[in-house]
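Residue-level structural notes
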Amino acid sequence: MAELGFHAVSFSYGAKPLLADVDLQIEAGERIGLIGRNGTGKSTLLKLLLGQIEAEKGSISRRNGLRVAGLEQEVPGAIECTVEQLLKDSLPDDLVADEWQAERSIAKVVSELSVDPSAAFADLSAGSKRRALLARALISDPDLLILDEPTNHLDLESICGLEELLLRRRGALLFVTHDRKLMRKLSTRIIDLDRGSLESYQCNFETYLERKAEVLQAQERQAVQFDKKLAQEEAWLRRGVKARRTRNMGRVRALIDLRKQRSERREVGGKTKAMVQDAVRTGRNVIRATGLAHDFGKGPLFEGLDLDIQRGERIGLMGANGSGKTTLLRILLGELAPGQGTVAFGTNLEIARFDQLHGELDEDLTLAQNICGDGDSVMVNGHQRHINGYLQDFLFDNEQIRGPIWNLSGGERNRLALAKVLSRPSNVLVLDEPTNDLDLETLEVLESLLAEYAGTLIIVSHDREFLNNTVTSMVLFEGQDSCGVGVVREYVGGYDDALAQQQNLVGKVTIAAKEDAPKGARVRLNQARKLTFNETKELGGLPAKIEGIEEQIGQLQGAMAEPDFYKQSGDVIAREQGVLEKLEAELELAMERWELLEGIQSGD
């Protein structure tokens, strides 16, 4: 018998059907990855599984004695007790009566998740709260564990520990995650929630991606054929009164049925059409930090740290929670003075920053007001866009756009925060944990978007695959040395490149300072790296891009060489000269990028 089953279950949010007569069987011991776009009902499905809400139609069956526990996407804000008390309150009845066994279970789970049982939950960091809530879900040793974005706010060490812990569990697991490496490692089956229906893929994540693409292509072909037939029947009906004769009423009724099917068809949602607005180019040197040191009284986070960020660089920051990533980021952005050392800033810096806690969003305002205040438009790359059209590019519908943000899902909030950041021109883009709660499709769109970004990129993230696909160097916070000083090193390449170099560190590094440099100084590796997938794709398209820009410049210069050109108004001449300057700057940047990627590919 299955652990839990859905039988023709339906659930709607307002007029929006999230689940439409869906069936689902969860077997003992399987690990199911649940995939679907933000706002399609994944969290609702998990709440139905946990028994937190009731289905509108259909039934949900559970095996007798089934233990179910879960982790919600959002951290509750009203827990006023110690971690130990939180865990005691979550113990199953059979353990509450056995004090020795209860203490043993608590000790085991706090050890596995590195949680301090005596700490007050309200005083914990976001990452520590997440681990405490995971401990609460695991304390009962549930037969079915349900996790909604379990890696949010966790550092890499905690994520890797969680992976191993979940792989060792015997019970069934159903989870939602944006972390593609976690999805690949854990899932034995994929459940796809799409337009109100559930489809099961008995395969790994990679095979699911291939099969899903084939399904969408087949649906598209069927929709085209259906629409063609409907158009033919509509044209037949319009041709004359013959259709109203008795012998043709069957065909009319069939046409009415076709119209009904078409009206009920749920279209595949569009892709996010986000774009980054480029500001005026910075100078070659963007940020230069020299001899940085900082100490919050618990030992130096880093000492003697040098970091030279050049125009166009793409840098990823990764380290344990509390290791100093946010502190270093604030110092580099001029928000915090370092304990020691200096930070010099380049010219023309226009910095746009994405905050993982969405502090830039106002709960009291609508989606539209959060982007453009009381106006109704936003300026995108020099062109006025109506706010509805702009937010529709980020997959929000008109009802959501004029509504409050409090009823958005976690992923939709992230999308809105990105929409706000990208509505501002920038040449330095700083993203602090941008992938939390995003669906996989939006993640891929964001990666492609960042590959096209002409400015300098700084990303704080624990999403290993995202870093592999977006950055060209990694700054890792590697704990403390024997003197208690934080060790910070820079590696060439993405996360996997950095990990490989880190494992072969001994004898293969040169310290970017004298031999007696302070402990924790920056280390740059000499090893070459390979191009990421997106960089390889970018390099392949650069020659055509350069050729296209050169052609535009040639045409414009030819027009400007004509005698009549300067007989036009001064505004027209100035505008065309501005266009030429922008094209020449784009050409220079594209050439620099081509030389950089060519050099990496050739190993120079």
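A quick note: this is a predicted structure, and the numbers were derived from the prediction, not measured.

To continue, consider the overall build of the protein. Helix and strand counts for the protein come out as 19 helices and 22 strands. By the burial criterion, 48% of the 604 residues in the protein qualify as buried. Relative to all contacts within the protein whose residues are 6 or more apart in sequence, the contacts with residues 24 or more apart total 68%. Of the accessible surface of the protein, which amounts to about 29,700 Å², a share of 50% is contributed by carbon and sulfur atoms.

Among the secondary structure elements, S105 is positioned in helix α4 (residues 99–112). Its relative accessible area of 14% is what places S105 among the buried residues. Residues contacting S105, with those up to four places away along its chain left out, are L95 and I139.

Here we come to the pattern of salt bridges. Scanning the entire structure with this criterion turns up 23 salt bridges. Here E84 and K88 are joined by a salt bridge, their closest N and O atoms 4.0 Å apart. Placement of the pair is E84 and K88 together in helix α2 (residues 83–88), with a separation of four residues, close to one helical turn. Judged by relative accessible area, E84 falls into the partly exposed class, the value being 33%. Judged by its relative accessible area of 39%, K88 falls in the partly exposed class. Between D192 and K212 there is a salt bridge, with its nearest N and O atoms 2.9 Å apart. Of this pair, D192 sits in strand β8 (residues 189–194) while K212 sits in helix α8 (residues 205–238), and the two are 20 residues apart along the sequence. Among the residues examined, D192 registers a relative accessible area of 3% and is labelled buried. On the basis of relative accessible area, K212 is assigned to the buried category, the value being 13%. A single network of salt bridges, built from pairs that share partners, joins E163, E164, D179, K185 and R464.

Attention now moves to the environment of L162. Examined against the element boundaries, L162 turns out to sit in helix α6 (residues 156–168). When residues no more than four places from it in sequence are discounted, the contact partners of L162 are L134, P150 and L154.

In this structure, Y390, L391 and L416 are the most contacted members of the largest nonpolar core, which totals 85 residues. The residues touching Y390, leaving out its near neighbours within four places in the chain, are I371, V378, V380, R385, A419, L422 and S423.

All right, on to the sheet that holds strand β4 (residues 57–62) then. Ordered in space as β2-β1-β4, the three strands form an open sheet in which the pairing is antiparallel. With partners counted over all chains shown, the strands left at the sheet margins are β2 (16–26) and β4, one partner each. The mean angle between the axes of side-by-side strands here comes to 25 degrees, regardless of whether they run parallel or antiparallel. Two strands pair when backbone bridges link them, and strand β1 (residues 4–13) and β2 are joined in this way by seven bridges, in the antiparallel orientation. Across the sheet, S12 pairs through a bridge with P17, a residue of β2. Across the sheet, helix α1 (residues 42–50) is in contact with β1, β2 and β4; its angle to β1 comes to roughly 130 degrees.

The next subject is unusual backbone geometry. Here the phi dihedral of D141 falls at roughly 50 degrees; this positive angle occurs in a residue that is not glycine. Relative to the elements of secondary structure, D141 occurs in the loop between α5 (126–138) and β6 (144–148). The exposure class assigned to D141 is partly exposed, which follows from its relative accessible area of 48%. Phi is positive for E149, close to 50 degrees, though the residue is something other than glycine.

Across its 13 residues, helix α15 (residues 440–452) extends 19 Å between first and last C-alpha, which sits within 8% of the 18 Å expected from 1.5 Å per residue. Listed in full, the buried residues belonging to α15 are L440, T442, L443, V445, L446, E447, L449, L450 and A451.

Inspection of the entire model under this criterion finds three aromatic pairs. Arranged with centres 6.2 Å apart and planes meeting at 25 degrees, the rings of F205 and Y208 form a pair that is stacked. Highlighted residues: F205 and Y208, both in helix α8, separated by three residues, approximately one helical turn. Comparing F205 with Y208 shows no difference in burial state: the two are buried.

Moving on: the sheet that holds strand β13 (residues 340–345). Spatial strand order, β11-β10-β13: three strands in an open sheet with antiparallel pairing. Each end of this open sheet is capped by a strand with a single partner; those strands are β11 (300–310) and β13. If you compare each strand with its neighbour and ignore which way they point, the axes differ by 10 degrees on average. Direction of pairing for strand β10 (residues 285–295) relative to β11: antiparallel, over a ladder of seven bridges. In the strand pairing of β11, D295 is matched with P300. Packing against the sheet, helix α10 (residues 325–332) makes contact with β10, β11 and β13, and its axis sits at approximately 130 degrees to β10.

A few words on the confidence of the model for the protein. The predicted model of the protein has a mean per-residue pLDDT of 81, with 84% of residues at 70 or higher. Across residues 241–247, confidence stays below pLDDT 50; counting only partners more than four residues off in sequence or on other chains, it has seven contacts. Across residues 506–528, confidence stays below pLDDT 50; counting only partners more than four residues off in sequence or on other chains, it has 47 contacts.

Time to look at the side chain of H178. One can find H178 in the loop between β7 (172–176) and α7 (180–186). Separated by 3.3 Å, the side chains of H178 and T435 make a polar contact. Contact partners of H178, with chain neighbours within four places excluded, come to E149, T151, N152, T435, N436, D437, L438, L440, L443 and D463.

Walk down a regular strand and you will see the side chains alternate between the two sheet faces. Burial along strand β5 (residues 68–71) is one-sided: the residues A69 and L71 are buried and none of V68 and G70 is. Pairing between β5 and β6: four bridges, direction parallel. Bridging from a neighbouring strand, G70 pairs with I146 of β6.

What counts and how
Residues numbered from 1 in each chain as written. Predicted model: local features only at pLDDT ≥ 70, side-chain atom pairs only at ≥ 80, totals over all residues. Heavy atoms only, no water. Helix = DSSP H or I, 4+ residues; strand = E, 2+ residues; numbered from the N terminus. Buried < 20%, exposed > 50% of the residue type's maximum accessible area, 1.4 Å probe, protein only. Contact = heavy atoms within 4.5 Å. Areas by Shrake-Rupley, 256 points an atom, 1.4 Å probe, with all protein chains shown as cover. Salt bridge = Lys/Arg side-chain N within 4 Å of Asp/Glu carboxyl O. Core = buried A, V, L, I, M, F, W, Y, C linked by side-chain atoms within 4.5 Å. Pairing = 2+ DSSP bridges. Axes fitted to C-alpha atoms, helices over the stretch in contact; angles between N-to-C directions. Expected span 1.5 Å × (residues − 1). Phe/Tyr/Trp six-rings, centres within 6.5 Å; stacked < 30°, edge-to-face > 60°. pLDDT = per-residue confidence, 0-100. Polar contact = N/O pair within 3.5 Å; in protein donor to acceptor, adjacent residues only side chain to side chain.

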